[in-house]
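Close look at the chain arrangement
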Amino acid sequence: MGNGFRVVRGPTAGVWYRTAGEWLQQTRPNCHAGRQYAAGGGTGAGGGWVYPVAQRFAPGERSGGPPSDGGCVKSKEQEAGGGAAAAPTVGGATTLLGHMAAGAAMQGVVSGVTFMLPMIAGKNYHASPWASMLITAGPQVLMVLSLFWGDLLRQMPIGRYLRWFWLVSAAPMLLVPLVDQLWLLIGLHLLCAVGSAGWANLNGELLKRFYSDARRGRAYATISAAMLASGALATLGLGRWLEADPEAYRIYMPLTAALQLAGAGLLAWLARRTGAEAARTLLTTDRGEGWHGVYRRVIEPIGHMREVLRADPVFYRYEAAFMTYGVGWMVCFALVPLLVVNKLGLPYRDIAVATHVPFLLATLAMTFPAGWLLDRLGAMRVASLSFGLYALYPLGLMFAGDVGHMVAASLLYGVCSAGVSVAWMLGPVNLAPSPEKVPQYVAIHATLVGLRGAVFQFLGVALYTLTNDFAISFGVAAAGFLWACWQMRVLARLVGKAPGGAPDGGQTGSQTGSQTGSQIGGQGGSKTTKVDPSDGQATVQVGK
């Protein structure tokens, strides 16, 4: 088009976007919307993108768009003719459709299977509240292993990583038909949870490599919609199947494992087809052999996590707000199975209709608006809005007395979850200084889910057990949501006011983490250098 704009087909049929930023990214990929390479070279280990402080956004321009002068600024290495990295991989319609199908197979259906398990334990095995909490808390607590899955992903090809992921996260379900005791069933469930901790790291890196900054929120919303739709259908179908045959889980769990295998194969194919696999720079580390090597593999990722959080004040405060939000979410998550079984006494079919299905449908309906908002407002502002609205959810659970009340509370839960979901996944993806660092940032983010799951689900069940009343636990949850809303709102304001801070509240990782770090962390000086603790290379160096 002669006016410098190009109509680009969006991630869903019938939706079109007119944006000069996307045109620049497609026609000048090495410029990547005006950002230059950071010290360390390209997008390899230690490499990232950084906006020079001298470049300011013109009024109305979004982070991730072209700079005000419209030029492509090269680093010294590029001007010298060496060290230029390849353009980031941008997926098309085939990539998006494949990613949707793989997500639905690997995560959507599994969400329904996992959701029904504590109800199966309560009705078929008469599980105690603590056994039920072990089922619900297990996957959350074991997210702490994401740190080690992320370290593994940085050292091996995606295809090999997917094979290990399936063997741990899905293959144990093939043994469910042989199980006849509750604790054996819980053991297989927890083993699957060990593997499930490796999903977020992989999905984060693929999102970073498959989609441009300007489209990532909408792409993730589309993929989430496919997972939510498949999860809702699976939950509704499983509820009816279990009502007709309480032993049906012995059949559908092995089928779910086979479906996950197909999804893993599809993702491995997409990584090769798009060139994402070839563009990766694997981390090579010599950690020794024997017990010394095992010790270093356990200790080093933990040390790197602490150093990353210490060196990146924006990411640290982002995680602090999510930790407080986790107080509310974990309490509610642990108590809902007890609420519908012990207080309301609902059958399987009504449990599905009153809880998980309306939650998934509401999340599905709001995921596209949430992705749109994230592309425009940033992860921090979207998270703050969602946390504030979330405070109404535990209050709805507190006064729920029948199926209708639970449906209303679950619909509200889904509306809030849509905003939190996109901010949870894309916040660390956008804050990471380079694609190679995405697994590390997402792993830290997911690991902290495990820490709050270990503490706050126990807190909720303990308060309920001591008082035999849900009100106190749900009151604590509401307070946690409100506090997290305030924390994230303050962080968004600080980032927006910092020198060179992104006006969208945190859409660029290396820019936000370095240029706003001195203000948020209370440090001064004329120069800020950010060193990646995992490899010791400087990734950002800017003047003030």
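Residues numbered from 1 in each chain as written. Predicted model: local features only at pLDDT ≥ 70, side-chain atom pairs only at ≥ 80, totals over all residues. Heavy atoms only, no water.

1. Considerations on the overall build of the protein chain
Secondary structure assignment for the protein chain yields 21 helices and six strands. Relative to its 544 residues, the protein chain shows a buried fraction of 58%. Nonlocal contacts in the protein chain, meaning residues at least 24 apart in sequence, comprise 78% of its contacts between residues at least 6 apart. (Helix = DSSP H or I, 4+ residues; strand = E, 2+ residues; numbered from the N terminus. Buried < 20%, exposed > 50% of the residue type's maximum accessible area, 1.4 Å probe, protein only. Contact = heavy atoms within 4.5 Å.)

2. With respect to the packing of helix H3 (residues 93-124) against helix H9 (residues 216-244)
Closest axis-to-axis distance for the H3/H9 pair is 7 Å, and the angle between their directions is 40°. Classified by chirality, the crossing of H9 by H3 is right-handed. (Axes fitted to C-alpha atoms, helices over the stretch in contact; angles between N-to-C directions. Left-handed = near helix turned anticlockwise from the far one by under 90°.)

3. Quick notes on a nonpolar patch on the surface
The grouping of Met366, Leu389, Leu392, Leu395 and Val415 at the surface amounts to a nonpolar patch, some 350 Å² of accessible area in total. The exposure class assigned to Leu389 is partly exposed, which follows from its relative accessible area of 34%. (Patch = residues over 30% accessible without salt bridge, like charges linked within 9 Å, V, L, I, M, F, W, Y side chains within 5 Å. Areas by Shrake-Rupley, 256 points an atom, 1.4 Å probe, with all protein chains shown as cover. Salt bridge = Lys/Arg side-chain N within 4 Å of Asp/Glu carboxyl O.)

4. What to know about the packing of helix H14 (residues 348-377) against helix H17 (residues 403-431)
Orientation of H14 relative to H17, taken along the N-to-C sense of each, is 40°, at an axis distance of 6 Å. Considering the angle they form, H14 stands oblique to H17. Relative to H17, the crossing made by H14 is right-handed. Broken down by class, the residue content of the contact of H14 with H17 amounts to 18 nonpolar, nine polar and one charged. (Parallel < 35°, antiparallel > 145°, perpendicular 65-115°, else oblique. Nonpolar A, V, L, I, M, F, W, Y, C, P; charged D, E, K, R; others polar.)

5. Quick word on the packing of aromatic side chains
Per the stated rule, a full pass over the model turns up 20 aromatic pairs. Here Tyr325 and Tyr390 contribute two aromatic rings whose centre-to-centre distance is 5.8 Å and whose plane-to-plane angle is 50°, an arrangement assigned as tilted. Of this pair, Tyr325 sits in helix H13 (residues 313-343) while Tyr390 sits in helix H15 (residues 379-390), and the two are 65 residues apart along the sequence. Judged by relative accessible area, Tyr390 falls into the buried class, the value being 0%. Each residue in the set Tyr318, Phe322, Tyr325, Phe359, Phe387, Tyr390, Tyr393, Tyr413 and Phe481 is aromatic and connected to the rest through ring pairs, giving one cluster. (Phe/Tyr/Trp six-rings, centres within 6.5 Å; stacked < 30°, edge-to-face > 60°.)

6. Focus on unusual backbone geometry
For His126, which is not glycine, the phi dihedral falls at a positive 55°. Residue classification places His126 among the exposed positions, given a relative accessible area of 68%. A positive phi is found at Asn468, a non-glycine position, where the angle reads about 55°. Along the chain, the position of Asn468 falls in the loop between helix H18 (438-467) and helix H19 (471-497).

7. Structural notes on H18
Each α-helix winds once per 3.6 residues, and so residues spaced three or four apart point in a common direction. Its 30 residues place the ends of H18 43 Å apart at the C-alpha level, agreeing with the 44 Å of an ideal helix rising 1.5 Å per residue. The largest bend along H18 reaches roughly 30° and is located at Gly453. A large share of H18 lies buried, amounting to 21 of its 30 residues. One or two positions beyond H18, positive phi appears at Asn468, with a value near 55°. (Expected span 1.5 Å × (residues − 1). Bend = angle between axes of the 7 residues up to and from the residue.)

8. Section: the side chain of Ser146
Within the fold, Ser146 resides in helix H5 (residues 146-153). You can call Ser146 buried: its relative accessible area is 0%. Setting aside residues no more than four positions away along its own chain, Ser146 makes contact with Ala197, Asn201, Ala443, Ala446 and Thr447.

9. Re the environment of Leu259
Assignment of secondary structure puts Leu259 in helix H10 (residues 249-274). Sequence separation of Leu259 and Met106 is 153 residues, and the distance between their C-alpha atoms is 7.1 Å. Beyond its immediate stretch of four places on either side in the chain, Leu259 contacts Ala105 and Val109.

10. What about the pattern of salt bridges?
Under the criterion given, the structure shown has five salt bridges. For Glu205, the salt bridge goes to Arg209, with nearest N and O atoms at 3.0 Å. Pair noted here: Glu205 and Arg209 are both in helix H8 (residues 199-210), with a separation of four residues, about one helical turn. The residues Glu205 and Arg209 share a single accessibility class, namely buried.

11. Observations concerning H10
If you check H10, its first and last C-alpha atoms are 37 Å apart, about what 26 residues at 1.5 Å a residue would give, namely 38 Å. Positive phi appears at Gly275, one or two residues downstream of H10, with a value of about 85°.

12. Some remarks on the confidence of the model for the protein chain
Per-chain confidence: the protein chain averages 73 in pLDDT, with 71% of residues scoring 70 or above. Within the model, pLDDT remains below 50 along residues 1-89, and this stretch shows 186 contacts once partners closer than five positions in the same chain are excluded. (pLDDT = per-residue confidence, 0-100.)

13. Points about the environment of Tyr393
If you trace the backbone, Tyr393 turns up in helix H16 (residues 392-398). Separated by 15 residues in the primary sequence, Tyr393 and Ala408 have C-alpha atoms spaced 9.3 Å apart. Those residues in contact with Tyr393 that sit more than four places away from it in its chain are Cys332, Val336, Ala409, Leu412 and Tyr413.

14. What to know about the environment of Phe359
Of note, Phe359 is situated in helix H14. Measuring from C-alpha to C-alpha, the distance between Phe359 and Leu411 comes to 5.1 Å, with 52 residues separating the pair along the chain. With sequence-adjacent residues up to four places away left out, Phe359 is seen in contact with Ser410, Tyr413, Gly414 and Ser417.

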